[in-house]
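# A look at the structure
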Amino acid sequence: MKYDLQRQTLTIALGRLAKSEDLKLLGRFLISDTVYVAIHKNLNMVTFDESALPVSLVRGLSDMGFTRYGDQFIRFCFARYLEREEALCKIADMAPQVANTYREMAGPQFERYCSPLLSETDQNYFLIPIRPGYALNLFDRQQSSRDLFGGNPDVLLRWSNAYYRAATFHNMIKTPARILWYVSGNRGEIVCVSSLDKVVIDNAKELFRMFSKYGTLRWEELEKMCGGDIKKKLMALEFSHAFPLKRPVPLAEIWDVFDRNGVGRSVQSPRRLPPKAFKELFRRGYPEGS
(Lines give C-alpha, C1' and ligand atoms only; values in the text may rest on other atoms or scores of the structure.)
Protein backbone atom coordinates (compact mmCIF):
# COMPACT_ATOMS: atom_id res chain seq x y z
CA MET A 1 0.00 0.00 0.00
CA LYS A 2 1.63 3.23 -1.20
CA TYR A 3 0.39 6.76 -0.50
CA ASP A 4 1.16 9.69 -2.76
CA LEU A 5 -0.19 12.66 -0.84
CA GLN A 6 0.89 15.13 -3.52
CA ARG A 7 -1.13 13.32 -6.19
CA GLN A 8 -3.75 12.26 -3.60
CA THR A 9 -3.39 8.66 -4.76
CA LEU A 10 -3.39 5.27 -3.07
CA THR A 11 -1.62 2.49 -5.04
CA ILE A 12 -2.14 -1.14 -4.10
CA ALA A 13 -0.30 -4.33 -4.98
CA LEU A 14 -2.82 -6.89 -3.76
CA GLY A 15 -1.28 -10.18 -2.66
CA ARG A 16 -2.53 -13.41 -4.15
CA LEU A 17 -5.66 -14.77 -2.48
CA ALA A 18 -5.95 -18.43 -1.57
CA LYS A 19 -8.57 -20.22 -3.64
CA SER A 20 -11.80 -20.76 -1.76
CA GLU A 21 -15.56 -20.61 -2.23
CA ASP A 22 -15.51 -17.03 -0.94
CA LEU A 23 -12.61 -15.83 -3.11
CA LYS A 24 -14.72 -13.42 -5.18
CA LEU A 25 -16.57 -12.08 -2.12
CA LEU A 26 -13.38 -11.60 -0.10
CA GLY A 27 -11.55 -10.05 -3.03
CA ARG A 28 -14.29 -7.50 -3.64
CA PHE A 29 -14.32 -6.68 0.05
CA LEU A 30 -10.56 -6.03 0.05
CA ILE A 31 -10.91 -3.78 -2.99
CA SER A 32 -13.86 -1.85 -1.53
CA ASP A 33 -12.08 -1.59 1.81
CA THR A 34 -9.13 -0.03 -0.01
CA VAL A 35 -11.49 2.60 -1.43
CA TYR A 36 -12.81 3.26 2.10
CA VAL A 37 -9.24 3.73 3.35
CA ALA A 38 -8.54 6.23 0.57
CA ILE A 39 -11.68 8.20 1.46
CA HIS A 40 -10.78 8.18 5.15
CA LYS A 41 -7.34 9.59 4.32
CA ASN A 42 -8.76 12.22 1.93
CA LEU A 43 -7.16 10.60 -1.13
CA ASN A 44 -8.99 10.97 -4.43
CA MET A 45 -7.67 8.06 -6.52
CA VAL A 46 -6.97 4.35 -6.09
CA THR A 47 -4.92 2.28 -8.54
CA PHE A 48 -4.44 -1.50 -8.81
CA ASP A 49 -1.94 -3.34 -10.99
CA GLU A 50 -3.71 -5.99 -13.07
CA SER A 51 -0.90 -8.47 -12.38
CA ALA A 52 -1.78 -8.37 -8.69
CA LEU A 53 -5.45 -9.25 -9.17
CA PRO A 54 -7.09 -12.66 -9.64
CA VAL A 55 -8.86 -13.01 -13.01
CA SER A 56 -12.17 -13.54 -11.20
CA LEU A 57 -11.89 -10.03 -9.73
CA VAL A 58 -10.73 -8.26 -12.88
CA ARG A 59 -14.01 -9.02 -14.63
CA GLY A 60 -16.07 -7.26 -11.96
CA LEU A 61 -13.98 -4.16 -11.30
CA SER A 62 -16.04 -1.97 -13.63
CA ASP A 63 -19.07 -2.66 -11.39
CA MET A 64 -17.06 -1.10 -8.56
CA GLY A 65 -16.18 2.03 -10.54
CA PHE A 66 -12.74 1.09 -11.88
CA THR A 67 -11.48 2.01 -15.35
CA ARG A 68 -8.75 0.06 -17.13
CA TYR A 69 -5.74 1.90 -18.48
CA GLY A 70 -2.91 -0.30 -19.76
CA ASP A 71 -2.05 -2.75 -17.00
CA GLN A 72 -3.68 -0.66 -14.31
CA PHE A 73 -7.19 -0.16 -12.95
CA ILE A 74 -7.97 3.38 -11.82
CA ARG A 75 -10.77 4.57 -9.58
CA PHE A 76 -11.63 8.04 -8.29
CA CYS A 77 -13.31 8.48 -4.91
CA PHE A 78 -14.35 12.06 -4.29
CA ALA A 79 -15.98 12.26 -0.85
CA ARG A 80 -17.65 15.62 -1.40
CA TYR A 81 -19.93 17.62 -3.65
CA LEU A 82 -18.31 18.78 -6.88
CA GLU A 83 -19.71 20.35 -10.00
CA ARG A 84 -19.20 17.96 -12.91
CA GLU A 85 -16.68 20.19 -14.68
CA GLU A 86 -14.71 20.66 -11.47
CA ALA A 87 -14.56 16.88 -10.97
CA LEU A 88 -13.51 16.37 -14.60
CA CYS A 89 -10.69 18.91 -14.17
CA LYS A 90 -9.41 17.02 -11.13
CA ILE A 91 -9.55 13.75 -13.08
CA ALA A 92 -7.64 15.32 -15.98
CA ASP A 93 -4.96 16.56 -13.55
CA MET A 94 -4.53 13.18 -11.83
CA ALA A 95 -4.98 10.81 -14.79
CA PRO A 96 -5.22 12.64 -18.13
CA GLN A 97 -5.10 9.34 -20.00
CA VAL A 98 -8.64 8.44 -18.87
CA ALA A 99 -10.20 11.92 -18.78
CA ASN A 100 -12.13 11.48 -22.04
CA THR A 101 -13.66 8.22 -20.80
CA TYR A 102 -15.15 10.03 -17.82
CA ARG A 103 -16.26 13.01 -19.85
CA GLU A 104 -18.42 10.72 -22.00
CA MET A 105 -20.22 9.16 -19.02
CA ALA A 106 -23.83 10.04 -18.22
CA GLY A 107 -24.49 11.71 -14.87
CA PRO A 108 -25.46 8.70 -12.70
CA GLN A 109 -22.69 6.53 -14.20
CA PHE A 110 -20.17 9.33 -13.64
CA GLU A 111 -21.12 9.51 -9.94
CA ARG A 112 -20.78 5.74 -9.54
CA TYR A 113 -17.31 5.75 -11.07
CA CYS A 114 -16.28 8.48 -8.62
CA SER A 115 -18.48 7.52 -5.65
CA PRO A 116 -19.31 8.72 -3.08
CA LEU A 117 -19.16 11.87 -5.21
CA LEU A 118 -22.33 13.95 -5.41
CA SER A 119 -22.64 16.12 -8.51
CA GLU A 120 -25.36 17.94 -10.40
CA THR A 121 -27.18 14.94 -11.88
CA ASP A 122 -30.72 14.49 -13.15
CA GLN A 123 -31.94 11.69 -10.90
CA ASN A 124 -34.09 10.96 -7.85
CA TYR A 125 -33.04 11.60 -4.25
CA PHE A 126 -34.41 9.75 -1.22
CA LEU A 127 -34.06 9.46 2.50
CA ILE A 128 -34.80 5.86 3.52
CA PRO A 129 -35.31 4.91 7.19
CA ILE A 130 -33.78 1.64 8.35
CA ARG A 131 -33.79 -0.11 11.71
CA PRO A 132 -30.48 -0.22 13.62
CA GLY A 133 -30.20 -4.01 13.42
CA TYR A 134 -30.52 -4.00 9.64
CA ALA A 135 -28.09 -1.09 9.25
CA LEU A 136 -25.62 -2.98 11.47
CA ASN A 137 -25.53 -5.81 8.93
CA LEU A 138 -25.88 -3.92 5.67
CA PHE A 139 -23.44 -1.03 5.86
CA ASP A 140 -22.86 0.42 9.36
CA ARG A 141 -19.30 -0.86 9.79
CA GLN A 142 -18.42 1.47 12.64
CA GLN A 143 -21.37 0.40 14.77
CA SER A 144 -20.81 -3.24 13.82
CA SER A 145 -17.22 -3.08 15.08
CA ARG A 146 -18.45 -1.71 18.44
CA ASP A 147 -21.31 -4.18 18.80
CA LEU A 148 -20.71 -7.25 21.00
CA PHE A 149 -21.80 -9.67 18.27
CA GLY A 150 -21.06 -7.47 15.25
CA GLY A 151 -22.83 -7.55 11.91
CA ASN A 152 -23.22 -10.52 9.61
CA PRO A 153 -19.85 -10.67 7.76
CA ASP A 154 -21.37 -12.51 4.79
CA VAL A 155 -23.59 -9.45 4.25
CA LEU A 156 -21.16 -6.69 5.27
CA LEU A 157 -18.55 -7.99 2.82
CA ARG A 158 -20.82 -7.45 -0.20
CA TRP A 159 -20.50 -4.53 -2.60
CA SER A 160 -24.14 -4.86 -3.68
CA ASN A 161 -26.95 -5.62 -1.27
CA ALA A 162 -30.71 -5.60 -0.88
CA TYR A 163 -33.08 -4.19 1.72
CA TYR A 164 -36.61 -5.55 2.05
CA ARG A 165 -39.55 -3.45 3.15
CA ALA A 166 -43.30 -3.20 2.74
CA ALA A 167 -44.36 -2.39 -0.82
CA THR A 168 -45.50 1.10 0.09
CA PHE A 169 -44.31 4.17 -1.80
CA HIS A 170 -43.45 1.87 -4.72
CA ASN A 171 -44.74 4.45 -7.19
CA MET A 172 -42.38 7.04 -5.73
CA ILE A 173 -39.12 5.13 -5.37
CA LYS A 174 -37.58 5.02 -8.84
CA THR A 175 -34.12 4.65 -10.33
CA PRO A 176 -31.70 6.20 -11.08
CA ALA A 177 -31.41 7.49 -7.56
CA ARG A 178 -29.19 8.26 -4.60
CA ILE A 179 -30.15 7.26 -1.06
CA LEU A 180 -29.31 8.74 2.31
CA TRP A 181 -29.90 6.02 4.94
CA TYR A 182 -31.45 7.21 8.20
CA VAL A 183 -31.02 4.83 11.14
CA SER A 184 -34.15 5.04 13.28
CA GLY A 185 -34.60 4.31 16.99
CA ASN A 186 -32.06 5.58 19.48
CA ARG A 187 -29.51 6.35 16.75
CA GLY A 188 -31.68 8.93 14.96
CA GLU A 189 -29.10 9.96 12.36
CA ILE A 190 -28.11 9.60 8.72
CA VAL A 191 -25.08 7.30 8.54
CA CYS A 192 -24.62 6.23 4.92
CA VAL A 193 -25.09 7.23 1.28
CA SER A 194 -25.54 4.81 -1.63
CA SER A 195 -26.77 4.41 -5.18
CA LEU A 196 -30.11 2.72 -5.81
CA ASP A 197 -29.71 0.11 -8.55
CA LYS A 198 -33.08 -1.60 -8.77
CA VAL A 199 -36.55 -1.63 -7.20
CA VAL A 200 -38.37 -4.97 -7.37
CA ILE A 201 -41.95 -5.60 -6.25
CA ASP A 202 -42.98 -9.24 -5.89
CA ASN A 203 -44.18 -11.83 -3.42
CA ALA A 204 -41.92 -12.87 -0.56
CA LYS A 205 -41.01 -16.25 -2.05
CA GLU A 206 -39.92 -14.78 -5.38
CA LEU A 207 -37.94 -11.96 -3.78
CA PHE A 208 -36.17 -14.43 -1.52
CA ARG A 209 -35.24 -16.49 -4.57
CA MET A 210 -33.95 -13.43 -6.46
CA PHE A 211 -31.96 -11.95 -3.59
CA SER A 212 -31.08 -15.01 -1.52
CA LYS A 213 -27.40 -13.97 -1.46
CA TYR A 214 -28.22 -10.42 -0.40
CA GLY A 215 -30.02 -8.67 2.42
CA THR A 216 -30.22 -9.47 6.09
CA LEU A 217 -33.50 -11.35 6.47
CA ARG A 218 -33.96 -15.08 6.72
CA TRP A 219 -37.02 -16.68 5.13
CA GLU A 220 -38.78 -16.80 8.50
CA GLU A 221 -38.37 -13.03 8.87
CA LEU A 222 -39.66 -12.34 5.37
CA GLU A 223 -42.63 -14.58 6.08
CA LYS A 224 -43.31 -12.59 9.25
CA MET A 225 -43.01 -9.31 7.33
CA CYS A 226 -45.80 -10.36 4.99
CA GLY A 227 -47.98 -11.61 7.86
CA GLY A 228 -47.69 -15.24 6.79
CA ASP A 229 -49.25 -14.48 3.41
CA ILE A 230 -46.40 -15.43 1.05
CA LYS A 231 -48.40 -14.05 -1.90
CA LYS A 232 -48.38 -10.57 -0.40
CA LYS A 233 -46.25 -8.11 -2.33
CA LEU A 234 -43.06 -6.80 -0.74
CA MET A 235 -40.38 -4.47 -2.08
CA ALA A 236 -36.66 -5.09 -2.42
CA LEU A 237 -34.28 -2.16 -2.84
CA GLU A 238 -31.07 -3.33 -4.47
CA PHE A 239 -28.27 -0.86 -3.81
CA SER A 240 -24.50 -0.53 -4.13
CA HIS A 241 -21.71 2.04 -3.73
CA ALA A 242 -22.68 2.37 -0.06
CA PHE A 243 -20.29 4.58 1.90
CA PRO A 244 -20.51 5.55 5.59
CA LEU A 245 -20.60 9.29 6.09
CA LYS A 246 -17.53 10.78 7.72
CA ARG A 247 -19.87 12.55 10.09
CA PRO A 248 -23.34 11.11 10.85
CA VAL A 249 -26.05 13.75 10.53
CA PRO A 250 -28.25 13.90 13.68
CA LEU A 251 -32.00 14.41 13.64
CA ALA A 252 -31.82 18.04 14.83
CA GLU A 253 -29.76 18.94 11.77
CA ILE A 254 -32.06 16.97 9.49
CA TRP A 255 -35.02 19.02 10.81
CA ASP A 256 -33.04 22.20 10.19
CA VAL A 257 -32.38 21.26 6.55
CA PHE A 258 -35.98 20.11 6.07
CA ASP A 259 -37.40 23.34 7.50
CA ARG A 260 -35.28 25.54 5.25
CA ASN A 261 -36.16 23.51 2.15
CA GLY A 262 -39.89 23.16 2.72
CA VAL A 263 -39.75 19.44 3.53
CA GLY A 264 -42.22 18.11 6.10
CA ARG A 265 -40.78 16.79 9.36
CA SER A 266 -41.11 13.05 8.92
CA VAL A 267 -38.45 10.34 8.72
CA GLN A 268 -40.65 7.35 9.55
CA SER A 269 -41.21 6.49 5.89
CA PRO A 270 -39.20 6.91 2.68
CA ARG A 271 -38.99 10.55 1.62
CA ARG A 272 -38.29 12.04 -1.77
CA LEU A 273 -35.93 14.96 -1.19
CA PRO A 274 -35.38 18.08 -3.29
CA PRO A 275 -31.87 18.04 -4.79
CA LYS A 276 -30.93 21.08 -2.70
CA ALA A 277 -31.90 19.37 0.59
CA PHE A 278 -30.11 16.16 -0.36
CA LYS A 279 -27.01 18.14 -1.29
CA GLU A 280 -26.98 19.99 2.04
CA LEU A 281 -27.38 16.81 4.08
CA PHE A 282 -24.66 15.12 2.01
CA ARG A 283 -22.29 18.03 2.60
CA ARG A 284 -22.90 17.85 6.34
CA GLY A 285 -22.00 14.16 6.19
CA TYR A 286 -18.84 14.90 4.22
CA PRO A 287 -17.69 18.28 5.58
CA GLU A 288 -15.15 20.22 3.54
CA GLY A 289 -11.63 19.53 4.77
CA SER A 290 -12.64 16.55 6.93
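The text that follows walks through the structure, step by step, so that each part is easy to find. Since we're looking at a predicted model, the values are computed, not measured. Positions within a chain are numbered from 1, following the residues in the order the chain's sequence is written. Whole-chain, interface and lining totals are the exception, using all residues; otherwise, since this is a predicted model, local features are given only for residues with pLDDT of at least 70 and side-chain atom pairs are given and counted only at 80 or more. Note that the side-chain values use all heavy atoms of the structure and ignore hydrogens as well as water.

For the rest of this paragraph, the subject is the pattern of salt bridges. Any carboxyl oxygen of Asp or Glu that lies within 4 Å of a side-chain nitrogen of Lys or Arg is treated as forming a salt bridge with it. Taken as a whole and judged by the stated rule, the model has 15 salt bridges. Arg284 serves as the salt-bridge partner of Glu280, at 3.2 Å between the closest nitrogen and oxygen. Taken together, the positions of Glu280 and Arg284, both in helix α12 (residues 275-285) and 4 residues apart, correspond to about one turn of that helix. Burial classification: accessible surface area is computed with a 1.4 Å probe over protein chains only, and a residue below 20% of its type maximum counts as buried, one above 50% as exposed, and the rest as partly exposed. We classify Glu280 as buried; its relative accessible area is 17%. Each of Arg247, Glu253, Asp256, Arg260, Glu280 and Arg284 takes part in salt bridges that share partners, so that together they form one network. Here a helix means four or more residues in a row that DSSP labels H or I, a strand means two or more in a row labelled E, and each is numbered from the N terminus.

Further remarks concern helix α11 (residues 251-260). Residues Glu253, Ile254, Trp255, Val257 and Phe258 constitute the buried set of α11. Should any heavy atoms of two residues lie within 4.5 Å, those residues are counted as being in contact. Against the buried residues of α11 lie β6 (124-130), β8 (177-183), β9 (189-203), β10 (233-250), β11 (271-272) and α12. Looking one or two places after α11, you find Gly262, whose phi comes out positive at around 70°.

The next thing to look at is a negative patch on the surface. Surface patches are defined over residues having more than 30% relative accessible area and no salt bridge, joining like charges when they lie within 9 Å and nonpolar side chains (Val, Leu, Ile, Met, Phe, Trp, Tyr) when within 5 Å. Per-residue accessibility takes into account occlusion by the displayed protein chains alone, with areas from the Shrake-Rupley method and a 1.4 Å probe. The charged-residue count follows a simple rule in which Lys and Arg add positive charge and Asp and Glu add negative charge, with His and chain termini not counted at all. Note on charges: their place is set at NZ of Lys, CZ of Arg, CG of Asp or CD of Glu. On the surface, Glu83, Glu86, Glu120 and Glu288 cluster together into a negatively charged patch. Summarising the element assignment, Glu86 is placed in helix α3 (residues 84-94). Looking at Glu86, the relative accessible area reads 38%, which means it is partly exposed.

Here we come to the pairing of β8. With 7 of 7 residues buried, β8 lies mostly within the body of the structure. Both faces of β8 are covered, namely the face carrying Ala177, Ile179, Trp181 and Val183 and the face carrying Arg178, Leu180 and Tyr182. Whether two strands pair comes down to DSSP finding at least two bridges between them. The pairing of β6 with β8 spans 7 bridges and is classified as parallel. Paired with Leu127 across the bridge in β8 is Leu180. Two elements, β8 and β9, share 7 bridges in a ladder whose sense is antiparallel. Of the residues in β9, the one forming a bridge with Arg178 is Ser195.

This is a description of form; function is not addressed.
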